[in-house]
2 protein chains.
Amino acid sequence: MSDAYAVRRERLREHCSASGADAALITRAANVRYLTGCAPCGATLLLTRERALLALPDDLPQDDTGEHLLSEDVAQLPVPADADTAMAAAEAASRLRVQHMAVEEHDLTVSRHRAVAQLAEGVSLRDLAQAVERLRVVKDEHEIADLRIAAEIADQALGELLESILVGRTERHLAMELERRMIDHGADRAAFPVSVGTGTHSGQEAHQPTDRRVEEGDFLTVVLGAQYRGYAVSTARTFVIGAAPAQWQMDLHRLVFRAQRAGREALGPGVPQHAPDQAAREILQAAGHSESSPHPLGHGIGLEIREAPRLGPADMGKLDNRVPVTVGPGVHIPGKGGVRIEDTLVVRPLEEGGPELLTITTKELLAL
Amino acid sequence: MSDAYAVRRERLREHCSASGADAALITRAANVRYLTGCAPCGATLLLTRERALLALPDDLPQDDTGEHLLSEDVAQLPVPADADTAMAAAEAASRLRVQHMAVEEHDLTVSRHRAVAQLAEGVSLRDLAQAVERLRVVKDEHEIADLRIAAEIADQALGELLESILVGRTERHLAMELERRMIDHGADRAAFPVSVGTGTHSGQEAHQPTDRRVEEGDFLTVVLGAQYRGYAVSTARTFVIGAAPAQWQMDLHRLVFRAQRAGREALGPGVPQHAPDQAAREILQAAGHSESSPHPLGHGIGLEIREAPRLGPADMGKLDNRVPVTVGPGVHIPGKGGVRIEDTLVVRPLEEGGPELLTITTKELLAL
């Protein structure tokens, strides 16, 4: 595995040389982790032609670095806990006689960039832009294996919840319980705060759980994701409480189900990024539903819960093989409620069976 | 309360005029909340001489804005959910013929700053620096009231935990339970991930809970904080498991207790920021304990869990009245464990009884 990190760093070195930079300063946590295995801890990676130097806080408990820092060929530069590791790395760049250093201008604030420029004496700075994010788009099978486990964890937690009594419990309690269950099943943590929306709150994308209690006849929307070894998945399901769903609930659920399936089935290597969104959106719009603002149908997911590529109506570019993405349309009717159904899938060619579904909990309208 | 926000915005306007800016672009979430009451949601505030314009995502569930957005005299500019509200606000600044706009260079990335500069046609940008953070240092009694409630919630959760059986439970479970209890008692959320460290993990400042189980004879360090209406507190306690603490445990606990008390008692309006740290550090060092890197003894706390002023050995400046700070020394002996004791207090003059202790859970060495 540690070679995998070395290979990634080599690819970044090639990108830098090609753009005339002899070093890169990596500050974005997910990018540092991708290139070193070091879990987020405010570390900064200085990558020169010959070296990989990781500036990191000197007070990390062993199991915060030790466990994750698999890459032995990365030299460590301990920095006082309340100092900025980017500054230590910038000084090192100057000592190492770096000439042109590419920095992540989408991550560094203007103030930190100014300080880096001052400390990196004799070094000219340029923008690395999202070069590492682009390297991260296509996952290797190690990464996909971690995503599979993250998905299993989320499915297990959700499955257990469905077997418990829901009526009378609050959105907040259900959300907390799902987070606890994911951790019990081995997640690093919840990939994002679990969203549980019941009744009029159902169907929203990022509803913040309230003290509203689940009632007979409610729609119940759960949006959750686990993080395992840094890799996150996201999934959403909508259920109905009580034995007899109303007709409008069955109709709305079937509609969103069809739209989500159309989005999933549109995934494939070489497919335009906007195609899955279009496939799903047409079905919703044909039924007279269009969200106030065009939410993208989904997005890439991995070390960050939202990363490239974005699957929005206006997104150019094509999908690649082995890219994990979310597909999650939803309809929310203000004052009434709604349905959201989301999966995390890996783009695969038809020869390999097409898109690989990671989050396998049933998408049928369960009456709980 | 909504006037309080208007007063804060007026103070910021005065600061801007004095520095020759006719508008400010506020992107930092805690600062937007301080000036508008709007809970974090990616909103951006454009403050001109005449107006306050809040650019915010158009898909916020009502109770995410409605509840918190107390300030009626703030005009809202809805922005598509996946767009950057800072860009919408920048365009508005151009439309409103703003000439000199102060932006938060410590919050904007280089990339966003560049995009803001492009969209804010005819507007010259300058650095607002930490002007709003400075306004936030001294709290009003509304803010302190919220901090008191946050502290009560943390104390309640901790008190309940102490009444339960701890031996055999994992750090992760105890941390999850504390987060759940804080939410049960009305917290918005945990102010930061609860840290529970037992045995060799005890006494660390930011230990990430593991599956290690609490054992007879362990030190148990708990670091937790609640957030209430946006305001956070932080507290740490160290207990011993089992009826018979070892001599070294009693000695170490007494030492850290004395250091923490010395730090608390050094607090006061007009006191140098480094004085409390010095008072505590001298006691630890006299006993032969000095942390690898000089952690500050504490820091300001409020809408952010770490804000100005910092109470470190090298920090200049003096403390003001009505400034909430943390005071939390700790000693960790690698391979053995340690003790950390932290409170959140409000700086008050002696005439008012001196520092106001918010986190009142006993600091004695309880044997659980």
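An unreviewed UniProt entry annotates chain A as Xaa-Pro aminopeptidase of Kitasatospora atroaurantiaca.

Residues and elements named next belong to chain A. Spatial strand order, β8-β9-β12: 3 strands in an open sheet with antiparallel pairing. One side of each edge strand has no neighbouring strand; the edge strands of this open sheet are β8 (195-198) and β12 (235-240). On average, each strand axis in the sheet is tilted by 10° relative to the strand beside it, whichever way the strands run. The pairing of β8 with strand β9 (residues 219-224) spans 4 bridges and is classified as antiparallel.

It is generally the case that most residues other than glycine have a negative phi and that most peptide bonds are trans. Residues and elements named next belong to chain A. Of note, the bond from Ala-308 into Pro-309 is cis; its omega dihedral lies within 30 degrees of zero at 0°. Among the secondary structure elements, Pro-309 is positioned in strand β14 (residues 307-311). With a phi angle near 55°, Ala-129 is a residue other than glycine that sits in the positive phi range. With respect to the element layout, Ala-129 can be found in the loop between β6 (124-127) and α6 (131-137).

Attention now moves to the pattern of salt bridges. Under the criterion given, the structure shown has 62 salt bridges over all chains. For Arg181(A), the salt bridge identified is with Glu177(A), shortest N-O distance 2.8 Å. One end of the pair, Arg181(A), and the other, Glu177(A), are both in helix α8 (residues 171-184), 4 residues apart, so they sit about a helical turn from each other. Here Arg181(A) and Glu177(A) have matching classes, each one buried. For Arg348(B), the salt bridge goes to Glu352(B), with nearest N and O atoms at 3.9 Å. Several salt bridges converge on common partners, so that one network encompasses Arg28(A), Asp107(A), Glu133(A), Arg136(A), Lys139(A), Glu304(A) and Glu307(A).

Calculation criteria
- Residues numbered from 1 in each chain as written.
- Chains lettered and ligands numbered in written order.
- Predicted model: local features only at pLDDT ≥ 70, side-chain atom pairs only at ≥ 80, totals over all residues.
- Heavy atoms only, no water.
- Pairing = 2+ DSSP bridges.
- Helix = DSSP H or I, 4+ residues; strand = E, 2+ residues; numbered from the N terminus.
- Axes fitted to C-alpha atoms, helices over the stretch in contact; angles between N-to-C directions.
- Salt bridge = Lys/Arg side-chain N within 4 Å of Asp/Glu carboxyl O.
- Buried < 20%, exposed > 50% of the residue type's maximum accessible area, 1.4 Å probe, protein only.

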